[in-house]
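Now for the letters of each chain:
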Amino acid sequence: MLTRIVQTILLTAAALVAVSGTSSAVQYVKAPPLTEAISTQVQDVKGGKAVQVPLITWGGDIATILANGNSRNTAAGSLFAKQNLQLKLTRIDDFKQQVETYMQGETPYLRGTIGMVNMAAELLNRDPRTKPVIIYQMTWSNGGDCLVVKSGINSAKDLKGKTIALQAYGPHVDYLAKLLRDAGLKMSDVTIKWVKDLTGTDNTPAEALNAKDVDAAMVIIPDGLMLTSNGSVGTGSEGSIKGAKIMLSTKSANRIIADVYAVRSDYFAAHKQEVQGFVHGLFLAERELKELFKSKKARLADYKKTVTAAADILLDSAAATADTEALYGDCEYVSFLGNVKFFTDTNWPRNLHRLTDEVQTAFITGGLLSRKTPVQAANWDYNVFRKGLTGVDKVEAPRFNTEAVAQVVARKQNLGTLDEGELFSFEVFFQPNQNSFSADQYSDAFAKVVDLASTYGGAVITVEGHSDPMGYLRKNKEKASEIVLTRIKQAAKNLSLTRAIAVRDSIMDYSAAQGVNLDPSQFTVIGQGIMHPRTGLCGQLPCAPKTKEDWLSNMRVVFRIIQIEAEEEAFIPLD
């Protein structure tokens, strides 16, 4: 369900960067690297009875509240209390302010996304005390964030040269960077207008999209729905922008925004056992929270207690329980297995190491970092966290209803709308009579498919085979019978399907050899035959190739990553 609470109506005021100009009611800000924006002196972590732990307004943080006994201060008998912890939970949605607090030693913990932590890495690595050690992945954003574009922008590559509104130092910076990279673009290929807040004020990406010189905006899903007349196409009324549409949400791109906790190096070295207890408490709370939501009728009193406490702490209103439930629905808890995969599976394209490299590369291009700096992981022995957990040996199930996906794709194909909802596409060419596709020959293309399949885990990948039309055109020129022409056309279609299947199977073999287990249900193969040639159509027939290059260009497989979010039946519900 694509709902997410309006987060930062409640954002605390924070000292941000200098105002650089205004456009209509929106005040844009500068977003220099944090090494320039923050001059806070590093101090040792302050002592005290309770350790301050930051929260942000996000569904994943409900588990932290539950672990603390549904209280800001650790309650007796709570999961954290059983780990001998005394914590004070403090919501700090402004990441720049949170980094300053961390450097001042008010808290040893940092709460943000992988992109946000990497944004601060160069600054924090200047002092050995504040180097961030990432200890825990809480969630992936799964439907709560999106890119809204104005009419005329149909795919990510159309963003080149456009102006995009984006919150400074917020959770969408690496989201945009990854989107651009997958479209073959860089952050420097677009103009970014930075705004102070994410939502709920006059200085947000959603407000900025009203300006004529802003073409797109990274927003949370409630704002996205408002701007697009509830997720269709904006009519221009009731807060929507005429022609605006959601181009991509984290419902499809559900392996980009990773929410994590990090801790200062000095604190980790001196209090490793305590930090380990914190992580173990989070694992146990995550499991407990899932059980509560599954059995809320049977455990109504416990459920209400947790949701009410989370509403009070995250939204400043104990009555905001419906919004709190929506927060929970916008994220995907990664659990014990997800953490093991994220931190230890060196082959997985979306692991910590690869995300860090990807994010830092993009941020250097975008002027947010001057160089790459290491981000450490805790390197836990995960066996120490198994106590109290169940189902840790669970095998991942297919995420798509393959039959429903095939029906949706077939319907789009028949209507000629297969490219609608396309996020990315690229082509692989082959030689005449080629019917095998070795990884040695196509390793770059196969690696790209593995990366995209892992990143856009909620999107469908179509593998479309195409065939050369020359044989058909010759027979048509010779005035062959309709029966002969139909037979040739069908044979070409069969051949194109065979090639698409061969390519898909080769990719599966390649990914398995790399130690990456792709979900076969994510892939749909299509035989397009000769009717969608690269050389185009001349009337009702394929255009005849004029050169050898034209001829070879029709022998191809096209990959499309498409979101079919409106087709909810195509997905098997997540537990």
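Residues numbered from 1 in each chain as written. Predicted model: local features only at pLDDT ≥ 70, side-chain atom pairs only at ≥ 80, totals over all residues. Heavy atoms only, no water.

Caption draft 1: Looking closely at the packing of aromatic side chains. On inspection of all chains with the given rule, the structure shows 24 aromatic pairs. Ring centres of Tyr109 and Tyr261 lie 6.4 Å apart, and the angle between their planes is 80°; this geometry places the pair in the edge-to-face category. In this pair, Tyr109 is assigned in strand E5 (residues 109-113) and Tyr261 in strand E12 (residues 258-264), connecting sequence segments 152 residues apart. A relative accessible area of 0% places Tyr109 in the buried class. Pairing Trp140 with Trp348 gives two aromatic rings, centres 6.1 Å apart and planes at 80°, and the pair type is edge-to-face. (Phe/Tyr/Trp six-rings, centres within 6.5 Å; stacked < 30°, edge-to-face > 60°. Helix = DSSP H or I, 4+ residues; strand = E, 2+ residues; numbered from the N terminus. Buried < 20%, exposed > 50% of the residue type's maximum accessible area, 1.4 Å probe, protein only.)

Caption draft 2: Main features of unusual backbone geometry. Phi at Glu238 takes a positive value of approximately 50°, unusual for a residue other than glycine. Its location among the elements puts Glu238 in the loop between helix H8 (221-227) and strand E11 (245-249). For Glu238, a relative accessible area of 79% translates into the label exposed. Here the phi dihedral of Asn379 falls at roughly 55°; this positive angle occurs in a residue that is not glycine.

Caption draft 3: Local environment of the nonpolar core. With 146 residues, the main nonpolar core has Ile135 and Leu159 as its most contacted residues. With sequence-adjacent residues up to four places away left out, Leu159 is seen in contact with Leu147, Val149, Ile153, Ile164, Leu179, Leu180, Leu185, Asp189, Val190 and Ala216. Residues Ala165, Ala217, Val219 and Ile221 belong to the second largest nonpolar core, which totals 19 residues. (Core = buried A, V, L, I, M, F, W, Y, C linked by side-chain atoms within 4.5 Å. Contact = heavy atoms within 4.5 Å.)

Caption draft 4: Main features of helix H6 (residues 173-182). Among the ten residues that make up H6, nine are buried, leaving the element largely enclosed by the rest of the structure. Within H6, burial applies to Val173, Asp174, Tyr175, Leu176, Ala177, Lys178, Leu179, Leu180 and Asp182. After H6 finishes, the residue Gly184 shows a positive phi value of roughly 80°.

Caption draft 5: Examining the environment of Ala217 more closely. Looking at the element boundaries, Ala217 is found in strand E10 (residues 216-220). Remark: the alpha-carbon pair of Ala217 and Phe426, spanning 209 residues in sequence, is separated by 25 Å. Not counting chain neighbours up to four residues away, the residues in contact with Ala217 comprise Cys146, Leu147, Val148, Ile164, Ala165, Pro205 and Leu209.

Caption draft 6: Quick look at the sheet that holds strand E17 (residues 523-529). Strands sit in the order E15-E20-E16-E17 across an open sheet of four strands; the sheet is mixed. A strand with exactly one partner marks an edge of an open sheet, and here the two such strands are strand E15 (422-429) and E17. Neighbour to neighbour, the strand axes of the sheet diverge by 20° on average, direction disregarded. With six bridges joining them, strand E16 (residues 460-466) and E17 adopt parallel strand pairing. Following the sheet pairing, Gly465 is matched in E17 by Gly527. Sheet strands in contact with helix H16 (residues 439-455) are E15, E16, E17 and strand E20 (556-562), and its direction is about 160° off that of E15. The strands touched by helix H18 (residues 482-513) are E16, E17 and E20; relative to E17, the strand with the most contacts, the crossing angle is about 150°. (Pairing = 2+ DSSP bridges. Axes fitted to C-alpha atoms, helices over the stretch in contact; angles between N-to-C directions.)

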